[in-house]
Amino acid sequence: MKCTSIQKSISWCPGTPELPGIMPRIYYISKAFIVKYPQYERDDNGRPTSSVLKGSFVLTADATWKFIDILPDKSQLTSEAQGELPSQTQLNKLSGVHPGVGELATEAAAYINNNDNIFVVRDMKGKYRVLGNEKWMAKSTVAQDNGQGATGTTSTTINVEATDEMPAPFYVGKLETEDGEIDCSDGSVAENNA
């Protein structure tokens, strides 16, 4: 067997800003509505050679990605290694805090809690990242807090744990949303004319 190297050098120019956090809108959809998934490019040994998924999510007819507006200052995307050599994977985690606890937030909570979903978030550099894939089930849990007293705050918190081969991969395909198609390579939106 030939073991080729997929290692790459990683440079950083001092003074280059690395902006933390995620943008105030996340997208999600049930895996039941996904017909085809974007894929990693791989070497002859099956290892991903890029952190960017190739292709787009293809959905069933009339299905669209739904969105949840979140509070960026209270939300976070993280990734950590799990398992043991030679089967280590990444556990990608999202904590998204929506400020409301009304009917729509409550209905979304019931749906997300009992479904295997894919989530897409946008980082502060404008890059889209994916949590969830066709190989492993994504675990989602939702908690609500109606606040306490006159100075408390309300919130619906969506927590996602999704196993992947690498930290939340980048996505440059299309997202068919109810507001139009998002081109995740540049963030532009083609509005629906329906």
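Shown above is the structure to which this text applies.
Residues numbered from 1 in each chain as written. Predicted model: local features only at pLDDT ≥ 70, side-chain atom pairs only at ≥ 80, totals over all residues. Heavy atoms only, no water.

**Let's talk about the overall build of the protein**
(1) Moving on: Secondary structure summary: the protein contains 1 helix and 15 strands in total.
(2) Moving on: By the compact-globule yardstick of 16 Å for 194 residues, the protein fits well, its C-alpha radius of gyration being 18 Å.
(3) Moving on: Dimensions along the principal axes, computed over C-alpha positions, put the protein at roughly 65 × 40 × 35 Å.
(4) Moving on: Split into buried and exposed, the 194 residues of the protein put 36% on the buried side.
(5) Moving on: Pairs at least 24 residues apart make up 65% of the contacts formed inside the protein by residues separated by at least 6 positions.
(6) Moving on: For the protein, the computed accessible surface area is about 11,700 Å², with 52% contributed by carbon and sulfur atoms.
(7) Moving on: Side-chain charges in the protein split into 18 positive and 25 negative, and the spacing between the mean points of these groups amounts to 7 Å. (Helix = DSSP H or I, 4+ residues; strand = E, 2+ residues; numbered from the N terminus. Rg over C-alpha atoms; globule rule 2.2 N^0.38 Å. Buried < 20%, exposed > 50% of the residue type's maximum accessible area, 1.4 Å probe, protein only. Contact = heavy atoms within 4.5 Å. Areas by Shrake-Rupley, 256 points an atom, 1.4 Å probe, with all protein chains shown as cover. Lys, Arg positive; Asp, Glu negative; His and termini not counted. Charge placed at Lys NZ, Arg CZ, Asp CG, Glu CD.)

**Considering the environment of Arg47**
(1) Moving on: Along the chain, the position of Arg47 falls in the loop between strand E2 (34-36) and strand E3 (52-53).
(2) Moving on: Taking the C-alpha atoms as reference, Arg47 lies 28 Å from Glu18; in sequence the two are 29 residues apart.
(3) Moving on: Within the structure, Arg47 has its side chain in polar contact with the side chain of Asp43 (distance 2.8 Å). (Polar contact = N/O pair within 3.5 Å; in protein donor to acceptor, adjacent residues only side chain to side chain.)

**Comments concerning the nonpolar core**
(1) Moving on: Membership of the largest hydrophobic core comes to 19 residues, with the highest contact counts inside it found for Phe57, Trp65, Ile118 and Leu175.
(2) Moving on: Mapped onto this core, the elements with two or more residues apiece are strand E1 (25-30), strand E8 (117-122) and strand E9 (128-131).
(3) Moving on: Judged by nonpolar contacts, the second largest core, of 17 residues, contains Ile68, Ile112, Leu131 and Ala162. (Core = buried A, V, L, I, M, F, W, Y, C linked by side-chain atoms within 4.5 Å.)

**With respect to helix H1 (residues 103-113)**
(1) Moving on: Residues of H1 that are buried include every one of Ala105, Ala108, Ala109 and Ile112, and no others. An end-on view of H1 places all buried positions within 105° of arc, on one side of the element. The outward face of H1, more than 90 degrees from its buried face, is lined by the exposed residues Glu103 and Glu107.
(2) Moving on: Those residues of H1 that are buried lie in contact with E1, strand E5 (66-69), strand E7 (89-98), E8, strand E10 (139-145) and strand E11 (155-164). (Arc of directions from axis to C-beta.)

**Some thoughts on the pattern of salt bridges**
(1) Moving on: Applying the stated criterion to the full structure yields 11 salt bridges.
(2) Moving on: Between Glu18 and Lys125 there is a salt bridge, with its nearest N and O atoms 3.3 Å apart. On the criterion of sequence distance, the pair formed by Glu18 in the segment before E1 and Lys125 in the loop between E8 and E9 is long-range, its members being 107 residues apart.
(3) Moving on: Take Glu18: its relative accessible area is 52%, and that puts it in the exposed class.
(4) Moving on: The class for Lys125 is partly exposed, based on a relative accessible area of 46%. (Salt bridge = Lys/Arg side-chain N within 4 Å of Asp/Glu carboxyl O.)

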